[in-house]
Amino acid sequence: MNFIPQHDQMDCGPACLAMIASHYGVDFGLQYLRDKSFITKEGVSLLGISEAAEKIGIKTVAAKSQLKYLDNSLLPCILHWNQNHFVVLYKISKNIFTRKPVFKIADPGHGYINLSEEKFKKNWISDEDKGVVLFLEPTEEFYKQSSHKEKKLSVQFLLHYLKPYKTQMVQMLLLLLVGTLTTLVFPVLTQKLMDDGVSKKDMSVISYILIAQLAFFLGNIIFNIFRNWIMLIVGTNINIRIISDFLKKLLKLPIKFFDTKLMGDFNQRIQDHERIESFLTSQSLITLFSAITFTVFFGVLWYYDLTILLVYMALTSISIVWSLFWMKKRKMLDYFRFQQRSENQESVYEIISGVSEMKLNQFEDYKRKRWEEIQQKLLKTNVRILKVDQIQMSGFEFINQLKNIIVTFLAASFVVKGSMTLGELLSVSYIIGQMNSPVNELIQFFRSLQDAKLSLSRLHEVHDYHEEEEEGQVPLLSEKYTEQNGIQRGIYCKNVSFQYEGPRSPHVLKNINLFIPEGKMTAIVGASGSGKTTLMKIFLKFYEPVEGEIFFNHLNAKDISPKDLRVNCGTVMQEGFVFSDTIERNIAAGDEDIDYLKLEKALDIANIRSFIEKLPLGLKTKIGTSGNGISGGQKQRILIARAVYKNPQLIFFDEATSALDADNEKVIHDNLQSFFKGKTVVIVAHRLSTVKNADQIIVLKHGEIVEQGSHQQLVSRKSDYYNLVKNQLELGG
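As the structure is a prediction and not an experimental result, all values here were calculated from the model. (Residues numbered from 1 in each chain as written. Predicted model: local features only at pLDDT ≥ 70, side-chain atom pairs only at ≥ 80, totals over all residues. Heavy atoms only, no water.)

**Let's talk about the pattern of salt bridges**
Applying the stated criterion across every chain yields a total of 16 salt bridges. Residue lysine 249 is joined to glutamate 467 by a salt bridge in which the shortest nitrogen-to-oxygen separation is 3.3 Å. Of this pair, lysine 249 sits in helix H8 (residues 203-250) while glutamate 467 is found in the loop between helix H14 (422-463) and helix H15 (479-482), placing the two residues 218 residues apart along the sequence. By relative accessible area, which is 12% here, lysine 249 ends up buried. Accessibility expressed as a relative area gives 30% for glutamate 467, which makes it partly exposed. A salt bridge links lysine 701 to aspartate 720; the nearest nitrogen and oxygen atoms lie 3.1 Å apart. Linking lysine 701 in strand E15 (residues 696-701) with aspartate 720 in helix H25 (residues 720-729), this pair joins segments that are 19 residues apart in sequence. Given the relative accessible area of 21%, aspartate 720 is considered partly exposed. Several salt bridges share partner residues, and in doing so they unite Asp365, Arg368 and Glu372 into one network. (Salt bridge = Lys/Arg side-chain N within 4 Å of Asp/Glu carboxyl O. Helix = DSSP H or I, 4+ residues; strand = E, 2+ residues; numbered from the N terminus. Buried < 20%, exposed > 50% of the residue type's maximum accessible area, 1.4 Å probe, protein only.)

**Let's talk about the sheet that holds strand E3 (residues 85-94)**
Overall, antiparallel pairing links the six strands, which are arranged E1-E6-E2-E3-E4-E5 in an open sheet. One side of each edge strand has no neighbouring strand; the edge strands of this open sheet are strand E1 (58-66) and strand E5 (111-116). Pairwise comparison of adjacent strand axes, ignoring direction, gives a mean angle of 35 degrees for this sheet. Two strands pair when backbone bridges link them, and strand E2 (residues 77-81) and strand E6 (residues 130-138) are joined in this way by three bridges, in the antiparallel orientation. (Pairing = 2+ DSSP bridges. Axes fitted to C-alpha atoms, helices over the stretch in contact; angles between N-to-C directions.)

**Section: helix H2 (residues 30-37)**
Among the residues of H2, those classed as buried are Leu30, Gln31, Leu33, Arg34 and Ser37. Looking straight down H2, one finds that the buried residues subtend no more than 165 degrees of arc, so they occupy a single side. Directly after H2, the chain includes phenylalanine 38, whose backbone phi takes a positive value near 55 degrees. (Arc of directions from axis to C-beta.)

**Examining unusual backbone geometry**
That bond from leucine 75 to proline 76 is cis: its omega, 0 degrees, falls within 30 degrees of zero. With respect to the helices, strands and loops of the structure, proline 76 is situated in the loop between E1 and E2. Unlike most non-glycine residues, asparagine 607 shows phi in positive territory, near 55 degrees.

**Focus on the state of the cysteines**
Here the structure, examined in full by the defined rule, presents zero disulfides. Its sulfur unpaired, cysteine 77 is 10 Å from the next cysteine sulfur, which belongs to cysteine 16. The cysteine cysteine 493 is free of any disulfide, with cysteine 569 supplying the nearest cysteine sulfur at 13 Å. Using a relative accessible area of 3% as the deciding quantity, one classes cysteine 493 as buried. (Disulfide = S-S within 2.5 Å.)

**Quick word on the sheet that holds strand E10 (residues 547-552)**
Sheet strands pair via backbone hydrogen bonds, and the direction of the pair is either parallel or antiparallel. Strand order in the open sheet formed by four strands is E8-E7-E10-E11, with antiparallel pairing between adjacent strands. Bordering the open sheet on either side are strand E8 (509-517) and strand E11 (555-556), each of which pairs with just one other strand. For strand E7 (residues 490-498) and E10, the ladder comprises five bridges, and the chain directions are antiparallel. What sits directly across from tyrosine 492, in E10, is phenylalanine 551. In the packing of helix H16 (residues 532-539) onto the sheet, contacts are made with E7, E8 and E10, and the angle to E8 comes to roughly 60 degrees. (Contact = heavy atoms within 4.5 Å.)

**Points about helix H22 (residues 662-676)**
For H22, built from 15 residues, the straight-helix expectation of 21 Å at 1.5 Å per residue is met to within 8% by its first-to-last C-alpha distance of 20 Å. Buried within H22 are the following residues: Asn664, Glu665, Ile668, His669, Leu672, Phe675 and Phe676. Projected down its long axis, H22 shows its buried positions confined to an angular sector of 130 degrees, all on one face. Projecting away from the buried face of H22 at angles above 90 degrees are the exposed residues Asp663 and Lys666. Residue glycine 678 follows H22 closely and has a positive phi angle near 80 degrees. (Expected span 1.5 Å × (residues − 1).)

**Let's talk about the nonpolar core**
With 48 residues, the main nonpolar core has Ile587, Ile640, Phe653, Leu672, Phe676, Ile697 and Tyr721 as its most contacted residues. Top element by residues in this core is helix H21 (residues 632-645). It accounts for seven residues. Apart from residues lying up to four places away in sequence, tyrosine 721 is in contact with Val525, Leu688, Val691, Ile697, Val699, Glu707, His711, Leu714 and Val715. (Core = buried A, V, L, I, M, F, W, Y, C linked by side-chain atoms within 4.5 Å.)

Written as structure tokens, this is what we have:
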């Protein structure tokens, strides 16, 4: 069974399933299994893993089982671990000495683990003497599956970032080459110093050689200064381009992709770019010229003595093999460190963002202790990495030192026998010292290459994910949308159903058949969790319906460009975001040049002018991240102004005035009535004042439409809508 680490915090389920599949001989990429298992920000459920397994041809049985029923004939299986994680139990063996059972676990977040029965029970048992287990058995259908391995980003992907900097790269190459050539002079000068200067007691030769050494040394310093300047400029520019391309690609992905990721996962990926940039601009070039240096000194050492060269090469080969062996161990630990650093960043971000709520609810100690637990996990991983690094480096240094001693002994014995001069001995010692440096650089290169490849595999998930915009999609206001063919114009929902977590998960929306007439106001009401916001997000193409279709006039929503659809929509979402920027930029949003006439109109309709005029910098006032420093009502008015500024054809408001006081709500409501004229408006709201003037009201309950009509019609029925608004109408008595 291949061990497959989880890339992100929520990947343990798909990673476990990928390991099981590899055990039976078929490889699946993590992203492929993520999509099949309906992973969310909360992670993946056992039901989701089971769904994915069934789709790839593996029969599953989920059970609460006692330990005695876990048998090698039923392994490998997936266990629910610590009630918040999934691991693979792949073998149960017995300790050679105690004959007690040893449980062999593949934990996608930690690696291979051997546990005693007591520790195994502590982590697995969740209900008296039982734990949750998913047994898996491949069917014939599974063996017909072809592998769905994730594609690797090629070297060409990296090299195209170097193309714009050809001149600078050539300059760096020349500087490195000149620096390499100057180092070749030193062993010759050292030999001449001893044989022609010291041995013959010629002070003039000694002086000339020492001056020449100083000149070459100063030249090397100057070359290094220029090289470091070029490396800094090129490296920084490449890093900017890589991260910019990453963000560009990221922003083209559908909302579904972001539903499975946490803030820490993205932060860690951005930091990964530094390792790629380091590999491209410094480590690869240095290694290239280290190889040239090594080759030249190899020839010089061969000239001095073949025996010394053979001994040197034999021991050098052993030291390289030793280092590469331990690098394989280090590779897995890098995945775990990535995940734990991501978890750490997420925890810190949450503490800073939620500080007021923590203080209000005395949550500080719990969150701080949770952060400390993450630090302890990170410490354990760092200790494991340090252990591997120390074993690798200690062995490498020991073999290197042994090599130096043996070579020095051989050279000294040749001097004693008279077959080598003292100057040649010092020259050989210098050459060995210079050849050790390229070997160290080679090991660093392999480590840097490994880091870059690991980083690329994580970035590949973003670069290879399908974009939201698809080929062949058309603008909303295309000929099909605007043509007249006798049908009533508006938005049609035909048998629309939606689930977040797969076919066997609860329906958020079920068989929605709905018509929203063009140029009219439609209000959607219902209790919390009835599916109102989800329906709004489907209209905006954040999600695709699981079943059914949506039409904008004659145009199927699937055929509409998501970006163009949103260009023509003015939207205020329940969780609307205010950026860390000026008020005017928050309202004008994507407009490079702000239209101040439109801006003034938006301020008036959103009734926010008086608030802005009181600020010293007015519209130029900068707001804190996520709207820090302004009230909820002021934030909502900025969001309304942003939607009005666009002057769109379609308006979607999700609880757009929920944070406003009664006076402000009335003023804005009255202002919006004239703005809404001739526009298709969909409003999700609880307040009667917002919805009672709507042309039609849709009542959702448990994801289904239970009532539809005008305010008066629905009130007269005294059913679900009546119960929702009776307190506001004072009908309860």
